[in-house]
Amino acid sequence: MANAAATTPAKPSPATPSTARAINDRAALHLFAARGPLTALTLAEATGLAKPTIAELLARLQERGLVEPAGEVRSDKRGPNAKLYALAADRARVAGIDARADTVHLSVADLAGRTIAEHTVAIPPDLPADQVPDLLAAELLTLANHPLLAVTIGMPGLVNPTTGHLGPTPIGPLWHRRLAAAIIERTGLDQTAVHLENEVNLAAIAEHRLLTDQGIDTFALLWLDAGVGAAIVLDGRLRRGASGGAGEIGFLAAPGAHPQIDPVTGAGGICDLLDAHALTTLTKDLPPAEHPAAIAGQVVYGVAAFALTLDPGVVVLGGANGSAGGAELADLVEHRLPEICPVLTRILPTIVPGNPVLAGAVATALDRARALLWP
């Protein structure tokens, strides 16, 4: 019995005052980011902190340049108007980039997540490839017109989650590999502030921000665009895999596919069923009313690949063709799925407006910037 005390788990130490302040500050900053300008009273009610603690917190955040006065609001009671406070959104800006083969979409936002400017750059066909990264970096600086704190670049291909570099197998143009370096050189940002991510993973991040409102934290995104891609979110976390290849179902064999699958393009696999060329070829001789059912008959094989290996419960149809098909295509696929797959799965259309890759890139850059600035 002499050793009984040694085996008793130690009680957790209470948070130090500095740790408690950091926790409270971060909670307040998240509230400002989610709700916009707040009064001290509203902040106290939302956090459960005492008014004197809120006063100290606001003074601290203003001193650090993270929060600033944002006007006044009329009080419900007699007395002076209540002061509003908000994130110091103009302290820095972030950027998201959606890099395609011949077109690049740029978006710049402030620290509150408000879009400041967007621009699409068409790559001149006669421009040497080694000059494209410098052109895009210059365009980004012009668009931002303000110091950038973080940049996220989405592009096709496997991005190693450990190194942050594109994998050895080229999918996009070769200038994709130099884009991050060119932005670092032009902006003077640290290498860790410029982040590469697979484009479909970024679309899934944007999708997840909206699906959480529906209580959905686990799903797969099937990307139906010029090419075929996929992303996996499990328990609220994007899963990239050991080398960034999680979700690359386009390389799986498909019914009637060629026995040899191209390891670069995915030709011969599910890609041959679901990419834009395949779906256009499939429907070109059909009346428009029959297009959704025909496309659903192909898409169901991609959905089944997810359902049978991961059982995510929900598969979202994204990309240009998934978005165009909308709820009708999603319903048709869900109806066809039990014919080839025993796993119960909901099929949903994308709910992200605009460009989901760009939205995910900005959201990721914003998270990284706030992590740098916030306690």
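If you're wondering where the values come from, they're calculated on a predicted model, not measured in any experiment. (Residues numbered from 1 in each chain as written. Predicted model: local features only at pLDDT ≥ 70, side-chain atom pairs only at ≥ 80, totals over all residues. Heavy atoms only, no water.)

Student: Looking at this structure, how should I read the overall build of the protein chain?
Tutor: Along the protein chain, the regular secondary structure elements total 12 helices and 13 strands. With respect to the three principal axes, the spread of C-alpha positions in the protein chain is 75 × 65 × 55 Å. A total of 375 residues make up the protein chain; the buried ones form 43% of that total. Taking the contacts inside the protein chain whose residues are at least 6 apart along the sequence as the reference set, 61% of them involve residues at least 24 apart. Of the roughly 19000 Å² that the protein chain leaves accessible, carbon and sulfur atoms contribute 55%. When the 27 basic and 37 acidic side-chain charges of the protein chain are each reduced to a single mean position, those positions are 14 Å apart. (Helix = DSSP H or I, 4+ residues; strand = E, 2+ residues; numbered from the N terminus. Buried < 20%, exposed > 50% of the residue type's maximum accessible area, 1.4 Å probe, protein only. Contact = heavy atoms within 4.5 Å. Areas by Shrake-Rupley, 256 points an atom, 1.4 Å probe, with all protein chains shown as cover. Lys, Arg positive; Asp, Glu negative; His and termini not counted. Charge placed at Lys NZ, Arg CZ, Asp CG, Glu CD.)

Student: Just checking my understanding: could you explain the packing of helix H5 (residues 132-144) against helix H6 (residues 176-187) for this structure?
Tutor: Axes are the key here: two packed helices are described by the angle between their axes and the distance separating the axes. H6 packs onto H5 with a crossing angle of 45 degrees between their chain directions and a minimal axis gap of 8 Å. When the axis of H5 is compared with that of H6, the two are oblique. Considering the relative orientation of H5 and H6, their crossing is right-handed. Within the contact between the two elements, H5 uses Pro133, Asp134, Leu136, Ala137, Ala138, Leu140 and Leu141 and H6 uses Arg178, Leu179, Ala182, Ile183, Arg186 and Thr187. A class-by-class count of the residues in the contact of H5 with H6 yields nine nonpolar, one polar and three charged. (Axes fitted to C-alpha atoms, helices over the stretch in contact; angles between N-to-C directions. Parallel < 35°, antiparallel > 145°, perpendicular 65-115°, else oblique. Left-handed = near helix turned anticlockwise from the far one by under 90°. Nonpolar A, V, L, I, M, F, W, Y, C, P; charged D, E, K, R; others polar.)

Student: Can you walk me through the packing of helix H10 (residues 291-309) against helix H11 (residues 319-336) in this structure?
Tutor: At a minimum axis separation of 8 Å, H10 and H11 run at an interaxial angle of 60 degrees. By the angle between their axes, H10 is oblique relative to H11. Like other packed secondary-structure pairs, H10 and H11 cross with a definite hand, here right-handed. Contacts from Pro292, Ala293, Ile295, Ala296, Gly297, Val299, Val300 and Val303 in H10 reach Glu328, Leu329, Leu332, Val333 and Arg336 in H11. Of the residues belonging to the contact of H10 with H11, the class tally is 10 nonpolar, one polar and two charged.

Student: Help me understand the confidence of the model for the protein chain, please; the structure alone is not making it clear to me.
Tutor: Close inspection of predicted coordinates is inappropriate in any region flagged by low pLDDT. Scored by pLDDT, the protein chain comes out at a mean of 89, with 91% of its residues at no less than 70. For the stretch residues 1-6, pLDDT sits under 50, and the model shows zero contacts to residues farther than four places along the chain or on other chains. (pLDDT = per-residue confidence, 0-100.)

Student: I'm lost on the environment of Pro124 in this one. Help?
Tutor: As for its placement among the helices and strands, Pro124 is situated in the loop between strand E6 (115-122) and H5. With 96 residues separating them in the primary sequence, Pro124 and Ala28 have C-alpha atoms 46 Å apart.

Student: Looking at this structure, I do not really get the environment of Gln131. What am I missing?
Tutor: Inspection of the secondary structure assignment puts Gln131 in the loop between E6 and H5. Each C-alpha atom of the pair Gln131 and Ala293 lies 45 Å from the other, and the pair is 162 residues apart in sequence.

Student: Which parts of the structure should I look at to understand the sheet that holds strand E5 (residues 103-110)?
Tutor: By definition, the strands of a sheet pair up through backbone hydrogen bonds, in either a parallel or an antiparallel sense. Taken in spatial order, the five strands make up an open sheet running E6-E5-E4-E7-E8, and their pairing is mixed. Each edge of the sheet is formed by a strand with only one pairing partner; in this case those strands are E6 and strand E8 (194-198). The sheet shows a mean angle of 15 degrees between the axes of neighbouring strands, direction not considered. In this structure, E5 lies alongside E6, joined through seven bridges in antiparallel fashion. Opposite His105, over in E6, you have Thr120 as the bridge partner. Contacting strand E4 (93-99), strand E7 (148-155) and E8, H6 crosses the sheet at an angle of about 170 degrees to E7. Along the sheet, helix H12 (residues 356-373) makes contact with E4, E5, E6, E7 and E8, crossing E4 at roughly 150 degrees. (Pairing = 2+ DSSP bridges.)

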